[in-house]
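Remarks on the overall topology
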Amino acid sequence: MGEEAPEFRVDTITFGSKDCQQNAIDVGDKTYVIGRTDDDAKSSFGIKILDKLTQTWIVPTVLGAQPPSKSHSAILVNDEKILIVEKGVSLNDSIWFLEIDTPFVKQQRKIKGSEVVSWSKGVLGVAQKPVVISGPSGVGKGTLIAKLMKEYPSKFGFSVSHTTRSPRVKEIDGVHYHFAGRSKMEQDISEGEFLEFAHVHGNLYGTSIEAVESVTDEGKRCILDIDVQGARSVRASSLEAVFIFVCPPSFEELEQRLRARGTETEEQIQKRLRNARAELDQSNSPGLFDHLLVNDDLEACYENLKKLLSLDDDHKDSDGCYGKATACYSILSKTESKVFLQSETGEVVKGGASMLAVDLSSLTGGAPGRTRGLKTHSVNSIDNGLKGIR
Ligand SMILES: Nc1nc2c(ncn2[C@@H]2O[C@H](COP(=O)(O)OP(=O)(O)O)[C@@H](O)[C@H]2O)c(=O)[nH]1
Ligand SMILES: Nc1ncnc2c1ncn2[C@@H]1O[C@H](COP(=O)(O)OP(=O)(O)O)[C@@H](O)[C@H]1O
């Protein structure tokens, strides 16, 4: 699908713009050219890949929101990602990654059958692991989650799933679910916008990447109410989470709760009960769920849930004290575990530093779209920075 490559010289590559900045990064047999075009109204990134073996250009599908286009520097972090440092924005907004061969990109490349790259924003600090709650229909997942949200509104946030099922009487679009048409949802899934999806009780359900990331961006711990297939997909993804399965005290009690809720037709109840048996069987799959909770007495079960969540509470505050100040850093050098950034203005903003080290070893897996766990620390002088290198 590629076009024939022109003679390759970085400084002559253009994307048809008046004002253009490019970086060319070699990765094995490929060269990634990251260009920034300043056309009349807005500027944006253009990405091209030169396959050096075949001397052809590939224009990849670019997933994810792109960095604010101003001016940037770039360096290869490892075989999976390129670090991009934006200038003239706050430090919180300045660190980005272009994922070129992460597990997510590999998966998307397979789905599309063509070349894919994906933007991911670097986020300072470590977020708490999201909590995946699964269990058969009618077991009380929604009831437990609603109690948690009511008691700790600033601590937890709900991942609002998309579904093709019709809303129930009291359900609000955008609050309980994003109610979606099947073709639009399938299209969004094919464009890599979903962390996971599954066919459940005859409908399509899925968690968009944005559903999880927007909760985490608010500094809240994200709660996902998804079925066992979804839990399996999240387990296989790069999102590190805590997995809880909620069981009923008995199958008879489950049936009674489902009927008492009065939201399904008899046919739908029968389908849910059939699926419940399969879900209960799968709850014991080795390595899938971290915790099983029996929801017999609601209050007792809720107390146990709270205990589990505080047990898994590994939250550490971000040390990004200068994250909000406007930064103008460019990449100076790189070691195995650190990238050193040099302030370009000479003038150091309040709380900032003339030189920063970005700790790459601290990066944790996250949903695509964000690279969390970034730690930065100031370095007083290049000499001190270099001491760290030696
Ligand atoms: N895989 C997946 N499952 C979901 C998602 N959202 C909801 N579900 C599951 O879909 C099933 C049906 O949910 P729902 O229609 O709300 O009915 P209920 O479980 O009877 O309340 C439940 O097992 C949910 O956990 C999602 O985004 N992904
Ligand atoms: N421990 C419990 N004891 C009795 N009824 C419960 C209990 N937990 C939930 N329920 C009720 O069971 C029904 C199903 O609960 P719901 O939270 O909608 O389940 P799910 O979200 O797992 O489908 C609701 O009517 C709810 O009020």
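Residues numbered from 1 in each chain as written. Chains lettered and ligands numbered in written order. Predicted model: local features only at pLDDT ≥ 70, side-chain atom pairs only at ≥ 80, totals over all residues. Heavy atoms only, no water.

**What to know about the sheet that holds strand β13 (residues 156-158)**
Pairing between the strands of a sheet comes from backbone hydrogen bonds, and it takes one of two forms, parallel or antiparallel. Heads up, the condition is: Two strands form a pair only when DSSP identifies at least two bridges running between them. Per the convention used, a helix needs a DSSP run of H or I reaching at least four residues, while a strand needs a run of E reaching at least two, with both numbered from the N terminus. To get an axis, fit a line to the C-alpha atoms, keeping to the stretch in contact for a helix; angles then go from 0 to 180 degrees between the N-to-C directions. Throughout, a residue-residue contact means that at least one pair of heavy atoms, one from each residue, lies within 4.5 Å.
The strand order across the open sheet formed by 5 strands is β13-β18-β12-β19-β20, and the pairing between neighbours is parallel. The open sheet has two free edges, formed respectively by β13 and β20 (291-294), since each of these has just one partner strand. Across the sheet, the mean angle from the axis of one strand to that of its neighbour is 25 degrees, orientation sign disregarded. Pairing of strand β12 (residues 131-134) with strand β19 (residues 242-247), which is carried by 4 bridges, proceeds in the parallel orientation. When the sheet's bridge partners are listed, Ser 134 is paired in β19 with Phe 245. Helix α3 (residues 141-151) rests against β12, β13, β18 (221-225) and β19 of the sheet, and its axis sits at about 165 degrees to β18.

**Considering the site of ligand 1**
Under the convention used in this document: Here a residue is near a molecule or strand as soon as one of its heavy atoms is found within 4 Å of it. Only the protein chains shown count as covering a residue, and every accessible area follows the Shrake-Rupley method with a 1.4 Å probe. The pocket and cavity definitions rest on a 1 Å grid over protein atoms only: a 1.4 Å probe that fits but cannot leave marks a cavity, an open set with protein on both sides within 12 Å along at least five of seven lines marks a pocket, and residues lining either have an atom within 4 Å of a point. To qualify as sitting in a cavity or pocket, a molecule needs more than half of its atoms within 2 Å of the grid points. The classification used treats Ala, Val, Leu, Ile, Met, Phe, Trp, Tyr, Cys and Pro as nonpolar, Asp, Glu, Lys and Arg as charged, and all other residues, Gly among them, as polar.
Around ligand 1, the structure places 19 residues, and the nearest of them are Ser 137, Arg 165, Tyr 177, Tyr 205 and Arg 272. Burial of ligand 1 by the surrounding chains reaches 95%, relative to a free accessible area of 570 Å². Judged by the fraction of its atoms near the pocket grid, ligand 1 is located in the largest pocket. Taken together, the residues of the shell around ligand 1 sort by class into 5 nonpolar, 6 polar and 8 charged.

**Digging into the site of ligand 2**
This is how the line gets drawn: Throughout this description, a polar contact denotes any pair of N or O atoms lying within 3.5 Å of each other; where both atoms belong to protein, one of them has to be capable of donating a hydrogen while the other can accept it, and for residues adjacent in sequence the pair is counted only when both atoms sit in side chains.
Around ligand 2, 13 residues are found, and the nearest of them are Gly 138, Lys 141, Thr 143, Arg 261 and Asn 295. Lys 141 is positioned such that a nitrogen or oxygen atom in its side chain is 2.8 Å from an oxygen atom of ligand 2. Contact distances for ligand 2 include 2.8 Å between an oxygen atom and a backbone N or O atom of Gly 142. Computed on the free molecule, ligand 2 has an accessible area of 570 Å², of which 73% lies beneath the protein chains in the complex.

**Section: the nonpolar core**
We count it as follows: Definition of nonpolar core: a set of buried residues of the types Ala, Val, Leu, Ile, Met, Phe, Trp, Tyr and Cys, connected through side-chain atoms within 4.5 Å. Only protein chains enter the calculation, and the probe is 1.4 Å; a residue is then buried if its accessible area is under 20% of its type maximum, exposed if over 50%, and partly exposed in between.
Ile 133, Leu 148, Ile 223, Ile 244, Leu 305 and Leu 309 are the most contacted members of the largest nonpolar core, which totals 24 residues. Those elements giving two or more residues to this core turn out to be β12, α3, β19, α7 (251-261), α8 (266-282) and α9 (298-311). Among the elements that take part in this core, α9 stands out by supplying 5 residues, more than any other. Aside from chain neighbours lying at most four places away, what touches Leu 305 is Ile 133, Leu 144, Leu 148, Ile 244 and Leu 293. Membership of the second largest hydrophobic core comes to 21 residues, among which are Ile 209, Leu 224, Phe 245 and Cys 247.

**A look at the UniProt feature "domain: Guanylate kinase-like" (unreviewed entry) in the protein chain**
Here is the rule we go by: UniProt positions are given in the numbering used here, feature names are shortened, and annotations may be inferred rather than shown by experiment.
Using the residue numbers shown here, the UniProt feature "domain: Guanylate kinase-like" (unreviewed entry) corresponds to residues 128-310. In residues 128-310, the share of helix is 43% and the share of strand is 22%. The end C-alpha atoms are 11 Å apart.

**Remarks on the packing of aromatic side chains**
For clarity, the cut-off: The pairing test for Phe, Tyr and Trp rings, Trp by its six-membered ring, is centres within 6.5 Å, and the orientation test on the planes gives stacked under 30 degrees, edge-to-face over 60, and tilted for anything in between.
Enumeration over the complete set of coordinates arrives at 5 aromatic pairs. Arranged with centres 4.9 Å apart and planes meeting at 55 degrees, the rings of Phe 45 and Trp 119 form a pair that is tilted. On the criterion of sequence distance, the pair formed by Phe 45 in strand β4 (residues 43-51) and Trp 119 in strand β11 (residues 116-124) is long-range, its members being 74 residues apart. You can call Phe 45 buried: its relative accessible area is 12%.

**Details of the layout of surface pockets**
So the rule is basically this: Grid points are joined across faces, edges and corners, and a volume is the space filled by probe spheres set on the points.
Size it by volume and the largest pocket reaches roughly 1000 Å³. Looking at the largest pocket, it is lined by 40 residues, and the ones nearest its centre are Gly 142, Arg 168, Tyr 177, Asp 225 and Arg 261. Broken down by secondary-structure element, the contributors of at least two residues to the lining of the largest pocket are α3, β16 (194-200), β17 (203-208), α7 and α8. If you tally residues by element for the lining of the largest pocket, the top one is α3, at 6 residues. Tallied by class, residues from the lining of the largest pocket come to 14 nonpolar, 14 polar and 12 charged.

**Some thoughts on the sheet that holds strand β15 (residues 177-179)**
Strand order across the open sheet formed by 4 strands is β15-β14-β17-β16, with mixed pairing between neighbours. One side of each edge strand has no neighbouring strand; the edge strands of this open sheet are β15 and β16. Strand-to-strand twist in this sheet, taken as the mean axis angle between neighbours without regard to direction, amounts to 25 degrees. Bridge analysis of β16 against β17 gives 6 bridges, and the strand direction is antiparallel. In the sheet register, Glu 196 faces β17, and the bridge partner there is Thr 207.

**What to know about the environment of Gly 219**
Relative to the elements of secondary structure, Gly 219 occurs in the loop between α5 (209-217) and β18. Along the primary structure Gly 219 and Ser 154 are separated by 65 residues, whereas in three dimensions their C-alpha atoms are 8.5 Å apart.

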